[in-house]
Amino acid sequence: MKHKAARATISDVAKAAKTGKTSVSRYLNGEHQALSPDLKQRIEQAISALNYRPNQMARGLKRGRTRLIGLIIADITNPYSVDVLCGIEAACRAGGFTLLVCNTNNEIDQEQHYLQLLSSYQVEGLVVNAVGMREEALNLLQQSLLPMVLIDRKIPDFSCDVVGLDNRQAATDATEHLVNNGYRALLFLSEPIGMVNTRLERLQAFRQSCARYPEVVSENAEVALSDSGALERIIHDFYQRHGGRHAALIVANGALTLQVARAMRRLGLEWGRKMGLVGFDELEWAELAGDGITTLKQPTWQIGYAALERVIQRIEGEATPVQEQTFHGELVIRGSSRPLA
């Protein structure tokens, strides 16, 4: 049986270059001015001949730095999460950090597991898109004293920097757009709100906006993303009650918007003609569906980039009070919310 060749060590490099490990370490750390040209050349040749790759984790731990950032994300299949991840990754590259990504798949138990795992890797900071952390996970975070930033979702009674969308302004813009276009019965649809502050803030802003227009009937409903039957019943019943009052839907996120669009197709309710529709999150297919679906576009890449920048500031000793950094969304208007005659 052919055995795999052992990985070259720093001792192997020193032996091949006919020098000590201290000189090799100086070369690897960029302290070339401390080495003679001849010694530097011998070390370079030894590294090349042995195909030596330094253990970056071990070197980092020796210096007290790992240059690792942990990301705990609720659902990596969500287009929102993918765009945020790209922004975080770009900021990591710019700052010289490496990103470790953990996907909880919206499972609360997984959050605690990944927190413990990332702590064992001695990450220098964390970015968290939380599902709904339990007390054990919160205690673990507080004890770790790790620099951390939350994206999108806040954790109740947990003081931490947060970066995300200005949910109230976004929901207000979407609601007033429909009212100004003549819609008089509005239904706000979301997944179960629970402790997810983004859904609650959007619902509150929707209600407050509708309250300014006595002629507008407003309702809200919560439905599980996987319960297509319940979703169809909610939409059908709402249309039956208010179709003559120019009914429209506002959907709280992109994943649910897709399910709503499918349900409307099955029910024969053409958006923009029989019922208005506005969905949060810009999706690639939104402009291709019929006359297009009006969306509230989030600056997701910028949100991710800003969150990682904030973590790095904390890692480098920034001690200012925690803050919430919000970004404005952009209403991308298409045929699904066309003005009514």
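See the structure above.
The structure contained in this document is the topic of the report that follows. What you see is a predicted model; the values in this text were computed from it and never measured.

Okay, the packing of aromatic side chains next. Describing an aromatic ring pair means giving the distance of the ring centres and the angle of the ring planes. Per the counting criterion, the structure on display carries 2 aromatic pairs. Pairing W301 with Y305 gives two aromatic rings, centres 5.1 Å apart and planes at 25 degrees, and the pair type is stacked. Residue W301 and its partner Y305 are located together in helix 12 (residues 300-315), separated by 4 residues, close to a single helical turn. By relative accessible area, which is 22% here, Y305 ends up partly exposed.

Summarising the element assignment, A170 is placed in helix 8 (residues 167-180). When the C-alpha positions of A170 and L331 are compared, they lie 8.1 Å apart, and in sequence the two are 161 residues distant. Apart from the residues within four sequence positions on either side, A170 is in contact with L165, F280 and L296.

Taken as a whole, the largest pocket encloses approximately 650 Å³ of empty space. Along the walls of the largest pocket sit 34 residues, with N106, R153, E191, R199 and N253 positioned nearest its centre. Counting residues per element, the ones that place at least two in the lining of the largest pocket are helix 5 (79-95), helix 9 (197-211) and helix 11 (254-267). If one sorts the elements of the lining of the largest pocket by residue count, helix 11 sits on top with 4 residues. Each of two domains, domain 2 (66-165 + 301-328) and domain 3 (167-297), supplies a minimum of three residues to the lining of the largest pocket.

Analysis parameters
Residues numbered from 1 in each chain as written. Predicted model: local features only at pLDDT ≥ 70, side-chain atom pairs only at ≥ 80, totals over all residues. Heavy atoms only, no water. Phe/Tyr/Trp six-rings, centres within 6.5 Å; stacked < 30°, edge-to-face > 60°. Helix = DSSP H or I, 4+ residues; strand = E, 2+ residues; numbered from the N terminus. Buried < 20%, exposed > 50% of the residue type's maximum accessible area, 1.4 Å probe, protein only. Contact = heavy atoms within 4.5 Å. 1 Å grid on protein atoms, 1.4 Å probe; cavity = no way out; pocket = protein on both sides within 12 Å on 5 of 7 lines; lining within 4 Å. Points joined across faces, edges and corners; volume = space filled by probe spheres on them. Domains from an automatic or database assignment.

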